[in-house]
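Residues per chain are reported as follows:
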Amino acid sequence: MNLDKTLDLIRQIAESTVRGEADAIDKEARWPEQSMRKLQQEGLGGFVVPLENGGLGQGLLGLAKACEILGEESASAGLCFGMHCVGTAMIAAKATAYQKQHFLGPIAAGEHLTTLALSEPGTGAHFYFPQTQLLSVSNDAFMLRGDKTFVTNGGHADSYVISTMGVDPEAMQHEFSCVVVEAGSEGMNWGQAWDGIGMRGNSSRSLALKDVRVPARNLLGEQGDQLWYIFQVVAPYFLTAMSGTYLGLAQAAFDQAREHMMHRTYRHSGTSLSQIQLLQHRLGTLWAKVERTRQLVYHACRQYDSGDASAILSIISSKAEVAHCCVEVVNEAMTISGGIAYRENSRLETLLRDARAAHIMAPTTDVLYTWLGRALLEQPILES
């Protein structure tokens, strides 16, 4: 199935299943069960699984567009699917024969959902400095001790890609590692359900790891590969998934404002909002803001997919620019739509709450601009 046909299928699911449960996702802080399972049933679970492993083999451009389509209906659904794809890309990057069979095969078959567990309490936006311990138990097993937080799809995934310190207690940055922990492993203890003001369907939960035993064959790459994964896989795939999701949110806000202007008429004069020059100008400005941001995202994805080494600069800036775009567009759409948009449980209210997370979801907008500036000045991106 080529990308266009795949995106058509995702759009069908977004307009039926995702749209149908979007209100419940927000009001009840419900994980998008129906949407995620439908995507899996239709063969989309293996969206970024390589073709040779039975997947669809899509790259960043496909990921951005898929999350954008889903994000238009529900930002939570877009991000939950995106995080599954990021976790999948992590496993696929240096997959062993066992990992291809045990993880990638079931993922491609729609039988396995995965996700990331990188963030930790106390490290804030510096999710790439894990404190979770990876202890050697034997030649065949490790033991995990630590705490993770903001785990999207938490409690619903079948596996979790977890970042850890190295086996050596004195391990430095370059010795951090990544392992896959399967759901239900003894010693995994989930915190309370996520109850944020926005992005309420993410199931973004905390996870305590109390002497969780992990087979050595679940180690991704080699010990000490974590920073390679951060910049070669997590950064491009994670930032793109978020960029696409929030781009879809911005488009949804624009569509709300346009729809309001097309159908709102003053009773005393018979004048439609669509005929007022000031509002025409403001709507045109919003369209340009969304479209130029979209083209930046697509350009970054095409760079990466073509193997351009400079793509990471465009990818970093994309997520930062999308964050500004979606917050500004939602705010302006609410202003254009007037008091009716300010009522409780309006579509724009949901979009406003969801949009605000774009700036603070790590890497934060400030961190991304700092990384970009350091790269442009030929300075190390990460502080020592």
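Residues numbered from 1 in each chain as written. Predicted model: local features only at pLDDT ≥ 70, side-chain atom pairs only at ≥ 80, totals over all residues. Heavy atoms only, no water.

(A) Layout of the pairing of strand β5 (residues 177–182). The buried fraction of β5 amounts to five of the six residues, a majority that puts the element mostly inside the structure. As judged from the six bridges shared by strand β4 (residues 159–164) and β5, these two strands associate in the antiparallel manner. Following the sheet pairing, Thr 164 is matched in β5 by Ser 177. (Buried < 20%, exposed > 50% of the residue type's maximum accessible area, 1.4 Å probe, protein only. Helix = DSSP H or I, 4+ residues; strand = E, 2+ residues; numbered from the N terminus. Pairing = 2+ DSSP bridges.)

(B) Highlighting the UniProt feature "domain: Acyl-CoA dehydrogenase/oxidase C-terminal" (unreviewed entry) in the chain. Feature annotation in UniProt assigns "domain: Acyl-CoA dehydrogenase/oxidase C-terminal" (unreviewed entry) to the following positions: residues 242–376. For residues 242–376, helix accounts for 76% and strand for 0%, while the C-alpha atoms at its two ends are 23 Å apart. (UniProt positions renumbered as here; feature names shortened; annotations may be inferred.)

(C) Spotlight on the nonpolar core. Counting 108 residues, the largest nonpolar core has Phe 47, Met 90 and Tyr 246 as its most contacted members. Broken down by element, the residue count for this core peaks at 20 residues, all from helix α6 (residues 226–263). When residues no more than four places from it in sequence are discounted, the contact partners of Phe 47 are Leu 3, Thr 6, Ile 10, Leu 56, Gly 57, Gln 58, Gly 62, Leu 63, Ala 66, Phe 81 and Cys 85. Of all hydrophobic cores here, the second largest spans 16 residues; its members include Ala 157, Val 181, Val 214 and Leu 219. (Core = buried A, V, L, I, M, F, W, Y, C linked by side-chain atoms within 4.5 Å. Contact = heavy atoms within 4.5 Å.)

(D) Layout of the side chain of Asp 26. Among the structural elements, Asp 26 can be located in helix α1 (residues 3–27). Those residues in contact with Asp 26 that lie beyond four places of it in its chain are Arg 200, Thr 350 and Arg 353.

(E) Focus on the side chain of Ser 204. Looking at where Ser 204 falls in the secondary structure, it is placed in the loop between β6 (188–190) and β7 (205–215). Setting aside its immediate chain neighbours within four residues, Ser 204 contacts Phe 150, Val 151, Thr 152 and Trp 194.

(F) Examining helix α11 (residues 365–376) more closely. Compared with an ideal rise of 1.5 Å per residue, which puts twelve residues at 16 Å, α11 spans 17 Å between its outermost C-alpha atoms and is within 8% of the ideal. Taken as a whole, α11 has its buried residues at Thr 365, Val 367, Leu 368, Trp 371 and Leu 372. Angularly, the buried residues of α11 cover 160 degrees about the axis, an arc narrow enough to put them on a single face. Looking at the buried residues of α11, the elements they touch are α6, α8 (311–337) and α10 (357–360). (Expected span 1.5 Å × (residues − 1). Arc of directions from axis to C-beta.)

(G) Main features of the domain arrangement of the chain. Along its sequence, the chain is carved into domain 1 (3–114), domain 2 (117–226) and domain 3 (227–377). With centres defined by C-alpha atoms, the gap from domain 1 to domain 3 works out at 21 Å. Tallying the contact residues gives 24 residues for domain 1 and 32 residues for domain 3. Both sides together, the interface formed by domain 1 and domain 3 hides about 2400 Å², and carbon and sulfur atoms give 70% of it. If you look at where domain 1 meets domain 3, you find two salt bridges. Between Arg 294 and Glu 68 there is a salt bridge, with the nearest N and O atoms lying 2.9 Å from each other. The set of elements that each furnish at least two residues to the side of domain 1 that touches domain 3 consists of α1, α3 (60–73) and α4 (75–93). Broken down by element, the residue count for the side of domain 1 that touches domain 3 peaks at ten residues, all from α3. A per-class count over the side of domain 1 that touches domain 3 returns 13 nonpolar, four polar and seven charged. (Domains from an automatic or database assignment. Buried area = accessible area lost by both parts, 1.4 Å probe. Salt bridge = Lys/Arg side-chain N within 4 Å of Asp/Glu carboxyl O. Nonpolar A, V, L, I, M, F, W, Y, C, P; charged D, E, K, R; others polar.)

(H) How the structure looks around the packing of aromatic side chains. In this structure the tally under the stated criterion is ten aromatic pairs. Plain terms: the ring middles of Phe 150 and Trp 194 are 6.0 Å apart, the flat faces sit at 80 degrees to each other, and that makes the pair edge-to-face. Taken together, the residues Phe 150 in strand β3 (residues 141–151) and Trp 194 in the loop between β6 and β7 connect sequence positions 44 residues apart. Consider the rings of Trp 228 and Tyr 229, whose centres lie 5.1 Å apart with planes at 90 degrees: the pair is edge-to-face. Judged by its relative accessible area of 34%, Trp 228 is partly exposed. The exposure class of Tyr 229 is buried, given its relative accessible area of 0%. Here the aromatic residues Phe 127, Tyr 128, Phe 129, Phe 231 and Trp 371 are joined through ring pairs into a cluster of three or more. Taking the ring centre of Tyr 298 as reference, the NZ or CZ of Lys 65 above it sits at 5.0 Å. (Phe/Tyr/Trp six-rings, centres within 6.5 Å; stacked < 30°, edge-to-face > 60°. Lys NZ or Arg CZ within 6 Å of the ring centre and 35° of its normal.)

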